[in-house]
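Summary of structural features
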Amino acid sequence: MKSDNQKKVLPGDALAVSEEFLPGRNAYDANGTIRALLMGTMIKDLGQREVSVKPAVAARMPDVGDIVTGQIETAQSSVSNLKIYYVNGTPTAAGFVGLIFLREERGGRGARRTQVRLGDIVRAKVVSTVNAMIHLSINEPRLGVIATLCSNCGRPISDQGGRARCNECGNQEDRKFADDFGREPIQP
Ligand SMILES: [Zn+2]
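Report follows, based on the coordinates. Quick caveat: nothing in here was measured; it's all calculated off a predicted structure. (Residues numbered from 1 in each chain as written. Predicted model: local features only at pLDDT ≥ 70, side-chain atom pairs only at ≥ 80, totals over all residues. Heavy atoms only, no water.)

A few points about the overall build of the protein
When helices and strands are tallied, the protein shows 0 helices and 17 strands. Taken across its 188 residues, the protein has 35% of its residues classed as buried. A separation of at least 24 residues holds for 50% of the contacts in the protein among residues at least 6 apart in sequence. If you sum the accessible surface of the protein, you get close to 11000 Å²; carbon and sulfur atoms cover 48% of it. (Helix = DSSP H or I, 4+ residues; strand = E, 2+ residues; numbered from the N terminus. Buried < 20%, exposed > 50% of the residue type's maximum accessible area, 1.4 Å probe, protein only. Contact = heavy atoms within 4.5 Å. Areas by Shrake-Rupley, 256 points an atom, 1.4 Å probe, with all protein chains shown as cover.)

Spelled out as structure tokens, the structure:
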């Protein structure tokens, strides 16, 4: 009876038919087939007739002070969303999204500096989790963009002594870079 219990599953994998099992945590019913919502281990509760998926990694909500690394999903002038892939260097598949509020640059030069752009890989620190909103800061030397592509030609950009200049087209990127920007492989 427990032969396929504890099986590793991927998102979308068929776990059972809905005539036999109900979808539990991290499982859903798709036209009569119970499928996994995320990567993890299948758990069949024969008593409750329920099949669920235990996530492959802990889905702990990031705490204040945690360092998270992810990719910018949306970038607006005042706030950007970071899809979080690592919490304190450990991968997470929980799908957390943090908010980076971008501050006005002082100095009165008018235009707001571009700090992060869509697609950038960014290391940030959790500064607040009030109302389950993950507020992030990149305002430390080790925080900020750690990898990016040229916004002109799409090539990866390497560090050129603090300024990020594209070797292909010469385009210069302006960001809030982490102090280890451009280093390979990236350190989440
Ligand atoms: Zn370029």
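Here we look at the sheet that holds strand 7 (residues 50–55)
For sheets, the rule is that strands pair by backbone hydrogen bonds, running either parallel or antiparallel. If you trace the 4 strands from one edge of the open sheet to the other, you get 1-6-7-3, paired in mixed fashion. Either end of the sheet is taken by a strand with one partner, and the two such strands are strand 1 (8–9) and strand 3 (22–23). As judged from the 6 bridges shared by strand 6 (residues 40–45) and strand 7, these two strands associate in the antiparallel manner. Following the sheet pairing, Thr-41 is matched in strand 7 by Lys-54. (Pairing = 2+ DSSP bridges.)

Some thoughts on the coordination of the zinc ion
The coordination sphere of the zinc ion, as far as protein atoms go, consists of Cys-150 (SG), Cys-153 (SG), Cys-166 (SG) and Cys-169 (SG), spread over 2.3 Å. One way to put it: the 4 donor atoms around the zinc ion meet at angles of 100 to 120 degrees, and that makes the site tetrahedral. Written as a sequence motif, the donor arrangement for the zinc ion is C-x2-C-x12-C-x2-C. On the basis of relative accessible area, Cys-169 is assigned to the partly exposed category, the value being 34%. (Donors = N, O, S within 2.8 Å, 3.2 Å for Na, K, Ca; no water. Tetrahedral: all angles 85-135°; square planar, octahedral: opposite > 155°, others 65-115°.)

Thoughts on the pairing of strand 13 (residues 134–137)
Across 3 bridges, strand 11 (residues 97–101) lies against strand 13 in parallel orientation. Considered in strand 13, the bridge of Ile-100 is made with Leu-136. Relative to strand 13, strand 12 (residues 121–128) is paired through 3 bridges, and the arrangement is antiparallel. Its bridge partner lying in strand 13, Ser-128 is registered against His-135. Hairpin connection of strand 12 to strand 13: 5 residues between the antiparallel strands, including Asn-131 at a positive phi of 55 degrees.

Some words on the nonpolar core
General note: in soluble globular proteins, nonpolar side chains tend to be found buried as a group. Residues Val-68, Leu-82, Ile-100, Val-122 and Leu-136 are the most contacted members of the largest nonpolar core, which totals 24 residues. Listing elements by their share of this core, those giving two or more residues are strand 8 (67–75), strand 9 (79–87), strand 12 and strand 13. Those residues in contact with Leu-136 that sit more than four places away from it in its chain are Val-68, Leu-82, Gly-98, Leu-99, Ile-100, Phe-101, Ala-124, Lys-125, Val-126 and Val-127. One finds Leu-15, Ala-16, Ala-27 and Leu-38 within the second-largest nonpolar core, a separate group that totals 11 residues. (Core = buried A, V, L, I, M, F, W, Y, C linked by side-chain atoms within 4.5 Å.)

What to know about the pattern of salt bridges
This model, assessed by the stated rule, comprises 7 salt bridges. In this structure, Asp-180 and Arg-123 form a salt bridge, with 2.8 Å as the shortest nitrogen-oxygen distance. A residue pair is termed long-range when its members are at least 10 positions apart, and Asp-180 in the segment after strand 17 (172–173) and Arg-123 in strand 12 qualify at 57 residues. The buried category is assigned to Arg-123, whose relative accessible area is 8%. The closest approach of N and O atoms between Glu-168 and Arg-155, which form a salt bridge, is 3.8 Å. Taken together, the residues Glu-168 in the loop between strand 16 (163–165) and strand 17 and Arg-155 in the loop between strand 14 (144–147) and strand 15 (158–160) connect sequence positions 13 residues apart. Of the residues examined, Glu-168 reaches a relative accessible area of 51% and is grouped as exposed. (Salt bridge = Lys/Arg side-chain N within 4 Å of Asp/Glu carboxyl O.)

Section: the sheet that holds strand 4 (residues 27–30)
Taken together, 3 strands build an open sheet; the order of strands is 2-5-4 and the sheet is antiparallel. Taken across any chain shown, the strands that pair with only one partner, and hence form the sheet edges, are strand 2 (14–17) and strand 4. Averaged over all neighbouring strand pairs, the angle between strand axes comes to 30 degrees, with direction disregarded. By the bridge criterion, 4 bridges tie strand 4 to strand 5 (residues 33–36) in an arrangement that is antiparallel. Bridge pairing in strand 5 places Asp-29 opposite Ile-34. (Axes fitted to C-alpha atoms, helices over the stretch in contact; angles between N-to-C directions.)

Some remarks on the side chain of Asp-180
Residue classification places Asp-180 among the buried residues on the basis of a relative accessible area of 12%. Other than its neighbours up to four places away in sequence, Asp-180 contacts Arg-123, Ile-146 and Gln-187.

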